[in-house]
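The lines below spell out each chain.
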Amino acid sequence: MAAACGLPLAQFSGRAQAQNAARLYDVPRFGNAHFLHFTDCHAQLMPLWFREPSVNLGVADMSGRPPHLVGEAFLRHFGIKSGTAEAHAFTCLDFEQAARTYGKVGGFAHLATLVKQLKAGRPGALLLDGGDTWQGSATALWTQGQDMVDACKLLGVDVMTGHWEFTLGAERVRQVVDNDFKGKIDFVAQNIKTTDFGDPVFPPYVIKSVNGVPVAIVGQAFPYTPIANPRYMMPDWSFGIQEETLQQAVDEARAKGAQAVILLSHNGMDVDLKLATRVRGIDAILGGHTHDGIPAPSIVSNAGGKTLVTNAGSNGKFLGVLDLEVKGGKVADFRYRLLPVFSNLLAADAEMEALIRKVRAPYAAKLGERLALTEGLLYRRGNFNGTFDQLILEGLMAEKDAPIAFSPGFRWGTSLLPGEPILMEHLMDQTAITYPYTTVTDMTGETIKIILEDVGDNLFNPDPYYQQGGDMVRVGGLRYSCDPNAKMGARISEMSLAGKPIEATKTYKVAGWAPVSEAAKSAGGEPIWDLMARYLRGRKVVKPLQLELPRLKGVEGNAGIA
């Protein structure tokens, strides 16, 4: 009754909270091989708000199926009742009211409690980290990921793969893997090779015994790291999907006695769904990168049998639980749950909480600087724009005196409710990267269209193997139309600025940030957080923002639009 009236769970009786927690986190043990999985936490140690997308379009064969379902279509597909805690966790519906009702999500101290609870009932369970763990917060940036390395060791991570970790530089990654992780956490990535001789940089897989069952964990790092992120940060490593070597790794692990094979993937779910049709012998893909919280696995047939494909959300908001029953040397059955981590329903683990306080203490004053107050909801996630992205676009255009601005389509970044202060920590949650340089570039209308077409193809190519980045670049000032189902080069049309058509040969001033070229690094533009902090201090209050969105064509009835 209290939830229906919009009262926070914190106001519930202790007994009611205990009952809610018991219902939500009651996951009976099944089988004899157990795996816990989180991914894309983006260095978020504290409980937070995170709004799921209202636009997650699927094209071609990907239309109308997970992960490209949002809102009511998502609830119908997975049989989740509207107005419940699960509906809030998995969708954007009634986000503001539901957030105030159910409280914040995530937080490593609360995640640690859930991990311990599940491990207590699942002897030998392995905890798998899908990557994007050491990047996404101020403290992770300022400590070169050390806060997250220490937190993951304490959490009990057994195996990890990566993506944004590599933006700390190859040398830093090797330092962590060879020292902090030695004898504690296996870092696996079958698809990272040296550029000279093609030698493996990391072990392709690890075989571990779970209750006497030998299981293999194969690593799949983000295939397009040197394209989506600066190449100069890992110049001697090659990536890619590497189907052939993946098949070899799976076959080799099987030959060594593995009775179950798990792919710990950072491909993105569309890529994993295609991969599962082409590579034999993988029992389950525990996936990440696209931040899709999917309650039930997709079951994909291939020449060797069937493969479960999952994706476990982001920001420490979910923990996947995969139980396998292995009989006669193979997987006979499974159970899977993706559990939302509600910080109001899970007590904070004292040891993890103490570590978090310790790593944050030196930066407390800087993190807590109040920059402005927001009167509207601020969020990022979505195919085309979010209100926090819109705020960054407006800051870029104002501070750089530019009529057009581009901001990357990053999927990470926490949310803020109306009436909350925007702290420096929240700004860093949107901008904490190792290449934060702001830019001002003169571009012809033709160049602007080429950029939009290129990014659009990364997102909407009908072949998932050609999807190389995040969401669509956010665009300020410029209006345009987009047909996601069109062919490359024909998706973007009707570009205009201040009501006038963009001319192909005319030059326009465009502000941006996060350039991937080494030349931009050498130019040394002002970090985006300095520009935005100055802008916010000057505004003091941020009124509700009107999103600049493209006019969409050909998407009527698409279940990826709420």
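Above this note sits the structure.
Below is a short write-up of the structure. (Residues numbered from 1 in each chain as written. Predicted model: local features only at pLDDT ≥ 70, side-chain atom pairs only at ≥ 80, totals over all residues. Heavy atoms only, no water.)

On to the sheet that holds strand S13 (residues 318-327), then. In space, the 6 strands of this open sheet follow the order S4-S3-S2-S1-S13-S14, with mixed pairing throughout. Bordering the open sheet on either side are strand S4 (186-187) and strand S14 (330-340), each of which pairs with just one other strand. With 10 bridges connecting them, S13 and S14 associate as antiparallel partners. Within S14, the position partnered with Phe318 by the bridge is Pro340. The strands that helix H5 (residues 108-120) touches are strand S1 (33-38), strand S2 (126-129), S13 and S14; relative to S13, the one it contacts most, it runs at about 20 degrees. (Pairing = 2+ DSSP bridges. Helix = DSSP H or I, 4+ residues; strand = E, 2+ residues; numbered from the N terminus. Contact = heavy atoms within 4.5 Å. Axes fitted to C-alpha atoms, helices over the stretch in contact; angles between N-to-C directions.)

Our focus in this paragraph is the sheet that holds strand S16 (residues 404-407). In spatial order, the strands read S18-S23-S16-S19; together these 4 strands make up an open sheet with mixed pairing. Edge positions in the sheet fall to strand S18 (438-444) and strand S19 (474-476), since each of these pairs with one other strand and no more. Strand-to-strand twist of the sheet, defined as the mean angle between neighbouring strand axes without regard to direction, takes the value 25 degrees. One ladder, built from 2 bridges, connects S16 with strand S23 (residues 507-513); its direction is parallel. Counterpart to Ile404 in the pairing with S23 is Val510. Of the strands in this sheet, S16, S18, S19 and S23 touch helix H16 (residues 445-460), which is tilted by about 115 degrees from S18.

Glancing now at the packing of aromatic side chains. On inspection of all chains with the given rule, the structure shows 19 aromatic pairs. Both rings, one in Phe74 and one in Phe78, keep their centres 4.8 Å apart while their planes meet at 50 degrees; by these two values the pair is tilted. One end of the pair is Phe74 and the other is Phe78, both in helix H2 (residues 71-78) and 4 residues apart, which spans about a single turn. Ring pairing ties together the aromatic residues Trp164, Phe410, Trp412, Tyr435 and Trp513, which thus form one cluster. Cation over ring: Lys274 sits above Tyr465, and NZ or CZ is 4.0 Å from the ring centre. (Phe/Tyr/Trp six-rings, centres within 6.5 Å; stacked < 30°, edge-to-face > 60°. Lys NZ or Arg CZ within 6 Å of the ring centre and 35° of its normal.)

Geometry only, nothing functional implied.
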